[in-house]
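Here are the chains, one letter per residue:
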Amino acid sequence: DAGITQSPRHKVTETGTPVTLRCHQTENHRYMYWYRQDPGHGLRLIHYSYGVKDTDKGEVSDGYSVSRSKTEDFLLTLESATSSQTSVYFCAISESMTGEYNEQFFGPGTRLTVL
Amino acid sequence: TQLLEQSPQFLSIQEGENLTVYCNSSSVFSSLQWYRQEPGEGPVLLVTVVTGGEVKKLKRLTFQFGDARKDSSLHITAAQPGDTGLYLCAGESPGGSYIPTFGRGTSLIVHP
């Protein structure tokens, strides 16, 4: 199994508070991703990173920011949490040896509830 | 935006039955992955298919990539309760964008 952890695993917070989720990998993979998973919507990409300090937006990036100061850590921040951001958040990593595959390895997820 | 449609959305069967789930698109993919996600966990990669017409087997699971690389199927023989989970397909567009497109998944329940 790929060495990828997420913290915290569960969090309950109130509307308007900032929240930071952490993804840590021990695989030295280049690419890291943040997804949210909601019933009826499947996995939706929030932000991704293709290297240290290199990040870009996904399809649902509004209200979220990310940072990657080290290869192993990718942080997702909700600047001011809203109830619509209640979801399960997954981090994923990938590293292609051929440049053609994108096999992703997922963390265990963080269940976030915004009251 | 490339879309991957998975069907059926839900499937509830008895142990020992066979089943097939589908992943379809109007777009060509350079590769396609299948994942299984169990409740409370992250998706786990099952297989990657790359060549049109390719068939891969993983024990009782058979994966096929369409000749035109626009669709894929997963067939499970003699399903077991341990096969219960959400099956997701994900495709990567030609050119190696590293941004996969995920289908919404097929939720499978296998009853003992």
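Our structure's up above, just so we're on the same page.
## With respect to the sheet that holds strand 6 (residues 55–58) of chain B
All names here are of chain B. Taking strand neighbours across the sheet as the criterion, the five strands line up as 1-3-8-7-6 in an open arrangement whose pairing is antiparallel. Both edges of this open sheet fall to strand 1 (5–7) and strand 6, since each of them pairs with a single strand only. Looking at each pair of strands side by side, their axes are set apart by 15 degrees on average, direction ignored. Bridge count between strand 3 (residues 19–24) and strand 8 (residues 71–76): six bridges; the pairing is antiparallel.

## Considerations on the pattern of salt bridges
Enumeration over the complete set of coordinates arrives at six salt bridges over all chains. Residue A:R44 pairs with A:D38 through a salt bridge whose shortest N-O separation is 3.0 Å. Each member of the pair, A:R44 together with A:D38, is buried. The shortest N-O distance in the salt bridge between B:R60 and B:D83 comes to 2.9 Å. A residue pair is termed long-range when its members are at least 10 positions apart, and B:R60 in the loop between strand 6 and strand 7 (61–65) and B:D83 in the loop between strand 8 and strand 9 (85–92) qualify at 23 residues. When its relative accessible area of 25% is taken as the criterion, B:R60 is described as partly exposed.

## Things to note about the sheet that holds strand 1 (residues 4–7) of chain A
All names here are of chain A. Read from one edge of the open sheet, four strands run 1-3-8-7, paired in antiparallel fashion. Each edge of the open sheet carries a strand with a single partner, namely strand 1 and strand 7 (64–70). For this sheet the average axis-to-axis angle between neighbouring strands, irrespective of direction, equals 20 degrees. Looking at chain direction, strand 7 and strand 8 (residues 73–78) are connected through five bridges and run antiparallel. Counted as the bridge partner of K70 is D73 from strand 8.

## Considerations on the interface of chain B and chain A
At the junction of the two partners, chain B supplies 21 residues and chain A supplies 22 residues. Both sides together, the interface formed by chain B and chain A hides about 1,800 Å², and carbon and sulfur atoms give 57% of it. Put simply, chain B and chain A have zero salt bridges between them. Linking chain B to chain A there are four residue pairs in polar contact (both at pLDDT 80 or more).

## What about the state of the cysteines?
On inspection of all chains with the given rule, the structure shows two disulfides over all chains. Each disulfide pairs two cysteine sulfurs, and for A:C23 the partner residue is A:C91, the sulfurs being separated by 1.9 Å. The S-S bond linking A:C23 to A:C91 shows a torsion near -75 degrees; that makes this disulfide left-handed. Taken together, the positions of A:C23 in strand 3 (residues 19–25) and A:C91 in strand 9 (residues 87–94) put the pair 68 residues apart, joining distant regions of the chain. For A:C23, a relative accessible area of 0% gives the class buried. The side chain of B:C23 participates in a disulfide bridge whose partner is B:C89; the two sulfur atoms lie 2.0 Å from each other. With the S-S bond torsion at 80 degrees, the cross-link from B:C23 to B:C89 turns out right-handed. Of this pair, B:C23 sits in strand 3 while B:C89 sits in strand 9, placing them 66 residues apart in sequence. B:C89 carries the same exposure label as B:C23, and that label is buried.

Definitions and cut-offs
Residues numbered from 1 in each chain as written. Chains lettered and ligands numbered in written order. Predicted model: local features only at pLDDT ≥ 70, side-chain atom pairs only at ≥ 80, totals over all residues. Heavy atoms only, no water. Pairing = 2+ DSSP bridges. Helix = DSSP H or I, 4+ residues; strand = E, 2+ residues; numbered from the N terminus. Axes fitted to C-alpha atoms, helices over the stretch in contact; angles between N-to-C directions. Salt bridge = Lys/Arg side-chain N within 4 Å of Asp/Glu carboxyl O. Buried < 20%, exposed > 50% of the residue type's maximum accessible area, 1.4 Å probe, protein only. Contact = heavy atoms within 4.5 Å. Buried area = accessible area lost by both parts, 1.4 Å probe. Polar contact = N/O pair within 3.5 Å; in protein donor to acceptor, adjacent residues only side chain to side chain. Disulfide = S-S within 2.5 Å.

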